[in-house]
Amino acid sequence: MSSVPTNPTPTPNPAVPPVPPAPSRREPPMRIILEHSGVFGRFGTRFAWILVIILFLVVISLYAAYRSYLSPNPQINEKFYALNPLGADKVAIIAVEGTIMHTDGFAKWQIDQVRNDPSVKAVVLRVDSPGGTITGSNYLYHHLLKLQRDKEQQGDTFPLVVSMGGLAASGGYYISMAVGSTPDTIFAEPTTWTGSIGVVIPHYDFTALLKNWNIQDDSIASHPLKLMGSFTRDPPEEYAAKEQQILEQLVAESFEDFKDIVKTGRPSLSNDPERLKEVTTGQIFTAKQAHKLGLVDKLGFVEDAVDRAIELAKLDRDDVRVVKYTRPTGLFEQAIGLAAGKSPTIDLATLLDLTAPRAYYLCTWLPAVAATPTAN
């Protein structure tokens with residue numbers, strides 16, 4: 001008789017999936033809690049937050065102290081020039097350099113920058129210009145006066161002092177009259193040339209040259225006077241004298257306006273017609289001659305003008321920051337400028353503008369086309 005196994009091994013059924021073995025019981029991992037103690041315990045967290053708050057307050061205070069360096073106009077930068085770099089009160093140097101050609105540009109941007117900065121308490125107008133168009137010169141003069149009025153409505157007296165550079169002539173002298181009747185406000189360097197008080201309408205006659213080249217101006221106009229001042233066409237005989245008379249009248253009226261402006265800035269000349277006549281011949285004067293004639297008040301440099309502005313504004317010199325304005329220049333602009341040599345280009349619009357009849361408060365021996373419009 002065969003023996004039967006007591007615990008027979010069951011035959012696996014392929015239709016039923018095997019049951020996985022039950023996992024063995026494992027103890028949960030031990031957790032270790034570390035507690036800070038002593039000075040760097042709970043106080044350490046508080047100290048970190050206190051430090052963050054202190055740093056935040058420092059940043060806010062620095063922003064408040066130096067927010068005036070943040071210019072709202074991306075085309076102009078403010079730079080420290082002299083005295084106390086941390087001074088609360090500012091004296092701003094507004095520079096007008098080169099020929100004044102337009103009614104808007106860098107000179108006007110500087111005026112706007114000062115108007116929008118409540119910490120500017122006085123202005124030194126640095127003039128190094130031969131003048132320019134009547135409209136451009138009068139525009140800057142008007143806005144300098146408006147700047148003073150706007151500032152004085154906000155607080156105390158807002159003085160403007162002029163510092164003349166190498167040349168402050170014609171329209172350059174015109175805008176200097178924004179100082180008004182305040183005494184000792186126009187400083188000229190010993191080598192300054194100034195004056196040239198007068199008006200000119202440049203005109204050049206190319207008709208003989210064009211005839212030699214068999215070139216004829218055949219422009220069609222609604223009236224012969226529409227072509228008044230043309231340098232390529234002789235006016236009809238019956239209009240030649242009238243055209244000359246009209247141009248002379250334009251110059252005369254603009255000249256009277258110039259003299260009226262000089263009277264407002266040089267009160268001593270208002271009651272002295274002979275001396276006014278002497279200084280308004282269009283002549284250029286040296287600094288010493290201009291001082292003797294009363295066209296300037298003092299011989300001195302920009303530092304002397306700054307000192308006078310501080311005195312007139314009644315500021316504490318130790319708490320004054322003198323600033324000036326520049327055009328921002330990036331690496332790209334510098335590279336382009338060096339590669340191109342910063343050569344001026346003349347397009348059709350510029351050429352047409354230069355050929356338009358225009359009156360100038362300008363001191364020059366060259367044609368108007370040679371004037372470089374850098375002041376605006």
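(A) Molecular detail of the overall build of the chain. The helix and strand inventory of the chain stands at 12 helices and 11 strands. Burial statistics for the chain: of 376 residues in total, 36% are counted as buried. The long-range fraction of contacts in the chain, counting pairs at least 24 apart against all pairs at least 6 apart in sequence, stands at 82%. When the accessible surface of the chain is totalled, it reaches about 24100 Å², and 59% of it is carbon and sulfur.

(B) Up close: the environment of Gly 180. Relative to the helices and strands, Gly 180 resides in the loop between helix H4 (171-176) and strand E6 (186-188). Placed 82 residues apart in sequence, Gly 180 and Val 262 show a C-alpha to C-alpha distance of 9.2 Å. Apart from residues no more than four positions distant in its own chain, Gly 180 is found in contact with Thr 264 and Gly 265.

(C) Quick look at the pattern of salt bridges. Applying the stated criterion to the full structure yields 14 salt bridges. Among the salt bridges present, the one from Asp 297 reaches Arg 266, with a minimum N-O distance of 2.9 Å. With Asp 297 in the loop between helix H9 (287-293) and strand E9 (298-299) and Arg 266 in the loop between helix H6 (237-265) and helix H7 (267-270), this residue pair connects regions lying 31 residues apart in the sequence. Both residues of the pair, Asp 297 and Arg 266, belong to the buried class. Between Arg 275 and Asp 272 there is a salt bridge, with its nearest N and O atoms 3.2 Å apart. By relative accessible area, which is 26% here, Asp 272 ends up partly exposed. Through salt bridges that share partners, Lys 108, Asp 112, Arg 115, Lys 146 and Asp 150 make up one connected network.

(D) Molecular detail of the side chain of Glu 243. Within the secondary structure, Glu 243 is located in helix H6. Salt bridges are absent for the buried Glu 243, whose nearest opposite-charge side chain, Arg 233, sits at 9.2 Å.

(E) Quick peek at the pairing of strand E10 (residues 320-326). Taken across its seven residues, E10 has five buried, putting it largely inside the fold. Taken together, the five bridges between strand E2 (residues 89-97) and E10 define a ladder with parallel strand orientation. Following the sheet pairing, Asp 89 is matched in E10 by Val 320.

(F) A look at the nonpolar core. Ranked by size, the top nonpolar core spans 49 residues in total, and within it Val 114, Val 123, Leu 125 and Leu 295 carry the most contacts. Every residue in contact with Val 114, bar those within four places of it in the chain, is listed here: Ala 92, Ile 94, Val 120, Val 123, Leu 147, Lys 151, Phe 158 and Tyr 325.

(G) The packing of helix H2 (residues 106-115) against helix H3 (residues 134-154), seen in detail. Interhelical geometry of H2 versus H3 gives an angle of 5 degrees and a closest axis separation of 10 Å. Comparing the axis directions of H2 and H3 gives the class roughly parallel. The residues of H3 that touch H2, namely those facing Ala 107, Lys 108, Ile 111, Val 114 and Arg 115, are Tyr 139, Leu 140, His 143, Leu 144, Lys 146, Leu 147, Asp 150, Lys 151 and Gln 154. Classifying every residue of the contact of H2 with H3 by side-chain character gives seven nonpolar, two polar and five charged.

(H) Just empty space enclosed by the protein, in detail. Tallied over the full model, the rule gives one cavity of 30 Å³ or more. Within this model, the largest cavity holds a volume of roughly 30 Å³. Lining the largest cavity are Ile 94, Val 96, Ala 107, Ile 111, Leu 125, Leu 140 and Leu 144. Elements with a minimum of two residues in the lining of the largest cavity: E2, H2 and H3. Among the residues making up the lining of the largest cavity, the classes are represented as seven nonpolar, no polar and no charged.

Thresholds, definitions, all that
Residues numbered from 1 in each chain as written. Predicted model: local features only at pLDDT ≥ 70, side-chain atom pairs only at ≥ 80, totals over all residues. Heavy atoms only, no water. Helix = DSSP H or I, 4+ residues; strand = E, 2+ residues; numbered from the N terminus. Buried < 20%, exposed > 50% of the residue type's maximum accessible area, 1.4 Å probe, protein only. Contact = heavy atoms within 4.5 Å. Areas by Shrake-Rupley, 256 points an atom, 1.4 Å probe, with all protein chains shown as cover. Salt bridge = Lys/Arg side-chain N within 4 Å of Asp/Glu carboxyl O. Lys, Arg positive; Asp, Glu negative; His and termini not counted. Pairing = 2+ DSSP bridges. Core = buried A, V, L, I, M, F, W, Y, C linked by side-chain atoms within 4.5 Å. Axes fitted to C-alpha atoms, helices over the stretch in contact; angles between N-to-C directions. Parallel < 35°, antiparallel > 145°, perpendicular 65-115°, else oblique. Nonpolar A, V, L, I, M, F, W, Y, C, P; charged D, E, K, R; others polar. 1 Å grid on protein atoms, 1.4 Å probe; cavity = no way out; pocket = protein on both sides within 12 Å on 5 of 7 lines; lining within 4 Å. Points joined across faces, edges and corners; volume = space filled by probe spheres on them.

Note that every value here comes from positions in space, so none of it alone points to a role or purpose.
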